[in-house]
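So you can see what is in the structure, the chains are spelled out below.
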Amino acid sequence: MNFLKLGWFKNDTLKTIYKFLNAYYKKYEQIPKRGDVESVFKNECYSSQYANIKPMLDSLYAFEESKYSDKFIKDNIVKFTKARAIYFAIFDNISEIEEKGEIGGCLSQFESIVRMEMSSDLGTDYFKKIDKHIEKLQEVNSRIPVGIKEFDRMTYGGLPKDDTCLWIIMAQPGLGKSQLLGNIAYNWIRQNKKVLIISLEMSEQMYSARLSSLIAGTNINTLKNSTDRLKRVVTQLHDLYPESGLYIKEYPTGTCTAAHLRQFIRKLKESKDFVPDIIMVDYLNIMKPNGNPSNVTLYEKGTLISEELRALSSELKKPILAPIQTARRNGGYAREDIDIDSASESSGIVATADGILALFQSPEDRINGCLNAKMLKNRLGGYVGAIFRMQVNYDTLRITDWPDDEDDSAKTPEELQKKEELNQKLNELQEDKTSSDKALTELDECIGGLKEL
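Caption draft 1: Just the packing of helix H9 (residues 204-216) against helix H10 (residues 227-240), in detail. Two elements in contact, H9 and H10, have axes whose closest approach is 10 Å; the angle formed by their N-to-C orientations is 80 degrees. Considering their axes alone, H9 and H10 lie roughly perpendicular with respect to each other. Contacts between H9 and H10 involve Ser212, Ile215 and Ala216 on the former and, on the latter, Arg229, Leu230, Val233, Val234 and Leu237. Tallied by class, residues from the contact of H9 with H10 come to six nonpolar, one polar and one charged.

Here is the structure:
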């Protein structure tokens, strides 16, 4: 009833029946019994039409709902509704398409039609579902670490596994937004997770090269000279984490909408049985809103895109990471006083996001391989305004925890000795370029042991 429109019916008798059924359902929230309908249509107002109405009522109430599954009935109702909606979307906009060549209005309606469904979800009854809520709170793996210690600490374990989350990474051009995304993708792969990267700026080949560099620990400029090693490392990585997956999809700049992403993710599931655990959109500012509405300001554009991405996250129950650029003001990007107002173009993005991590770096920091991060918004924890450092290797594009941030005060002498031995072995293995399968296995075991400590 929420989707049907009176104008979709050509037959006057059907219009009359629909108006009554719609009014009845809105008032009583149930389908009327035959007697209720008869009592209305037999009165003086409709008595002249009753001869035409009765056969349609007979057909309507002869339908035996028990013979069919609820899903089959709903699917067919949605199919009919979508077909009529598409017809009238074209019909209503045909003059604008023919005269002006404008298809924005039609596309906007199409995107609404695609999302059309018969949902009976009434939300969460808090008092009746309190046990389920507590069970969810106690889940050990409700968060997935991004692999940056301080970020994971401030979000109490990382990003949510199966929940709504739009997380923004904010930085100046070229500072490391895409690099951080690649490292988080690598860290999630090492947890047997599936990652989807949407690239709106770099080609799929370039993005793959950057990921290959950090996975293999090889200078991106010399990858072509060590392809055998790269293949062995990547093959072993997937052997170690067989449930993981990584898809990289490029869209031309300024052409991709949230509706495109929804359609592509659905296609991945249907054709490849690939359901991403996280979606990375690189980057938000160069997407476009659904329907490509004209005459919108940059503020409105950013707000629309962020709202549509968060709605997609809510629909899929998967986190979405999307970088944005900082505004070019307030004396550059190296300052600790970077804040919410530094967001480029739209504060609407800031309002919509569940979390914002800002990156900044001075020339001295870059020389020292240091990338600073400041937590500007955080719905996943109480840490806001906190600053931490990350270590960057610009040859291999790896981003790791800053060494000085490691806290060994709680470790036993035995653990400290084991850590020292593992670090020594790690250095030896990383310097060893023979890259045999045995060496690669030992390297992975060594890294795993250090993580446990």
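Now, onward.
Caption draft 2: Quick peek at the pattern of salt bridges. Summed over the entire model, instances satisfying the criterion amount to eight salt bridges. One salt bridge connects Arg34 with Asp58, and the closest N-O pair in it is separated by 2.7 Å. Taken together, the positions of Arg34 in helix H2 (residues 34-41) and Asp58 in helix H3 (residues 50-62) put the pair 24 residues apart, joining distant regions of the chain. Given the relative accessible area of 24%, Arg34 is considered partly exposed. Judged by relative accessible area, Asp58 falls into the partly exposed class, the value being 31%. Each of Arg34, Lys54 and Asp58 takes part in a single network of salt bridges with overlapping partners.

Caption draft 3: Spotlight on a nonpolar patch on the surface. There is a patch of nonpolar side chains on the surface, built from Phe63, Tyr68 and Phe72 and spanning about 320 Å² of accessible area. With respect to the helices and strands, the residue Tyr68 is situated in the loop between H3 and helix H4 (70-100). Residue classification places Tyr68 among the partly exposed residues on the basis of a relative accessible area of 39%.

Caption draft 4: Local environment of the sheet that holds strand S3 (residues 165-171). Here we have nine strands laid out as an open sheet, ordered S5-S4-S6-S7-S3-S8-S9-S10-S11, and mixed in their pairing. At either margin of the open sheet sits one strand with a lone partner, and together these are strand S5 (245-250) and strand S11 (398-401). Each neighbouring strand pair of the sheet contributes to a mean axis angle of 25 degrees, computed without reference to strand direction. Examined bridge by bridge, strand S4 (residues 194-199) and strand S6 (residues 278-282) share five bridges and lie parallel to one another. Directly across from Ile198, in S6, lies its bridge partner Val281.

Caption draft 5: Layout of the pairing of S3. For S3, the tally of buried residues reaches seven of seven residues, placing the bulk of the element in the interior. Burial along S3 is two-sided: the residues Cys165, Trp167, Ile169 and Ala171 and Leu166, Ile168 and Met170 are all buried. As paired elements, S3 and strand S8 (residues 355-360) share four bridges and run parallel to each other. Across the sheet, Ile168 pairs through a bridge with Ile356, a residue of S8.

Caption draft 6: Structural context of unusual backbone geometry. Backbone torsion omega between Asp282 and Tyr283 reads 5 degrees, so that peptide bond is classified as cis. In this fold, Tyr283 is placed in the loop between S6 and helix H12 (298-316). Despite not being glycine, Tyr156 has its phi angle at roughly 55 degrees, a positive value. Considering the arrangement of structural elements, one finds Tyr156 in the loop between helix H7 (149-154) and strand S2 (159-160). A positive phi angle is found at Asp273, which is not glycine, with a value near 55 degrees. Mapping Asp273 onto the fold places it in the loop between helix H11 (258-272) and S6. A relative accessible area of 62% places Asp273 in the exposed class.

Caption draft 7: Quick peek at the nonpolar core. Ranked by internal contacts, the top residues of the largest apolar core, which has 43 residues, are Leu159 and Leu359. Top contributing element to this core by residue count: helix H8 (residues 177-189), with seven residues. Those residues in contact with Leu359, other than ones at most four positions away along the chain, are Ile169, Met170, Ala171, Leu175, Gly176, Lys177, Leu180, Ile338, Leu371, Asn372, Ala373 and Met390.

Caption draft 8: A look at the side chain of Asp277. Looking at the secondary structure, you find Asp277 in the loop between H11 and S6. Within the local environment of Asp277, its side chain forms a polar contact with the backbone nitrogen of Lys194, the two atoms lying 2.7 Å apart. Other than its neighbours up to four places away in sequence, Asp277 contacts Trp188, Lys193, Lys194, Lys318 and Pro319.

Caption draft 9: Region of interest: the pairing of strand S7 (residues 319-325). Of all seven residues in S7, seven are buried, a share of seventy percent or more. Here S7 shows a buried face lined by Pro319, Leu321, Pro323 and Gln325 and a second buried face lined by Ile320, Ala322 and Ile324. Sheet analysis places S6 next to S7, joined by two bridges and oriented parallel. Across the sheet, residue Ile279 finds its bridge partner in S7, namely Ile320.

Caption draft 10: Local environment of the environment of Leu359. Within the secondary structure, Leu359 is located in strand S8. The spacing of Leu359 and Met170 is 189 residues in sequence and 6.2 Å in space, taken between C-alpha atoms.

Caption draft 11: Layout of the packing of aromatic side chains. This structure, assessed with the given rule, holds five aromatic pairs. When the ring of Phe151 is compared with that of Trp167, the centres are 5.2 Å apart and the planes differ by 70 degrees; the resulting orientation is edge-to-face. Of this pair, Phe151 sits in helix H7 while Trp167 sits in strand S3, and the two are 16 residues apart along the sequence. A relative accessible area of 1% means that Trp167 is categorised as buried. Taking the centre distance of 4.7 Å and the plane angle of 65 degrees together, the rings of Tyr247 and Phe274 count as edge-to-face. Taken together, the residues Tyr247 in strand S5 and Phe274 in the loop between H11 and S6 connect sequence positions 27 residues apart. You can call Tyr247 partly exposed: its relative accessible area is 29%. The aromatic ring of Tyr283 is capped on one face by Lys177, whose charged end is 5.8 Å from the ring centroid. Sitting over the ring of Tyr394, Arg366 keeps its end group 4.3 Å from the ring centre.

What counts, and where the lines are drawn
- Per chain, residues are indexed from 1 in the order of the written sequence.
- Where local features are concerned, this predicted model is filtered to residues with pLDDT of at least 70; where side-chain atom pairs are given and counted, the filter is 80 or more; whole-chain, interface and lining totals use all residues.
- Water and hydrogen atoms play no part in the side-chain values, which are based on all heavy atoms of the structure.
- Only the stretch in contact is used when a helix axis is fitted, and all axes are lines through C-alpha atoms; the angle between N-to-C directions ranges over 0 to 180 degrees.
- Comment: elements are numbered from the N terminus, with helices defined as DSSP H or I runs of at least four residues and strands as E runs of at least two.
- Oblique is the label for any angle not covered by the other classes, which are roughly parallel (under 35 degrees), roughly antiparallel (over 145) and roughly perpendicular (65 to 115).
- Contacts between residues were defined by any pair of non-hydrogen atoms, one from each residue, lying within 4.5 Å.
- Gly is placed with the polar residues, together with every amino acid not listed as nonpolar (Ala, Val, Leu, Ile, Met, Phe, Trp, Tyr, Cys and Pro) or charged (Asp, Glu, Lys and Arg).
- Just to be clear on terms, a salt bridge is a Lys or Arg side-chain nitrogen sitting within 4 Å of an Asp or Glu carboxyl oxygen.
- A 1.4 Å probe rolled over the protein chains alone gives each residue an accessible area, and that area as a share of the maximum for its type sets the label: buried under 20%, exposed over 50%, partly exposed in between.
- Two distance rules govern patches: like charges are joined within 9 Å, and nonpolar side chains (Val, Leu, Ile, Met, Phe, Trp, Tyr) within 5 Å, applied only to residues with over 30% relative accessible area and no salt bridge.
- All accessibility values rest on the Shrake-Rupley procedure with a 1.4 Å probe; residue burial counts only the protein chains present in the view.
- Two strands qualify as a pair provided that DSSP identifies no fewer than 2 bridges between them.
- Here the nonpolar core consists of buried residues drawn from Ala, Val, Leu, Ile, Met, Phe, Trp, Tyr and Cys, with membership extended through side-chain atoms lying within 4.5 Å.
- Polar contact criterion, stated in full: a pair of N or O atoms within 3.5 Å, where within protein one must be able to donate a hydrogen and the other to accept it, and residues adjacent in sequence count only if both atoms are side-chain atoms.
- We call Phe, Tyr and Trp rings a pair once their centres come within 6.5 Å, taking the six-membered ring for Trp, and we label the pair stacked below 30 degrees between planes, edge-to-face above 60, and tilted otherwise.
- Consider the ring centre and the ring normal. A charge sits over the ring if Lys NZ or Arg CZ is within 6 Å of that centre and within 35 degrees of that normal.

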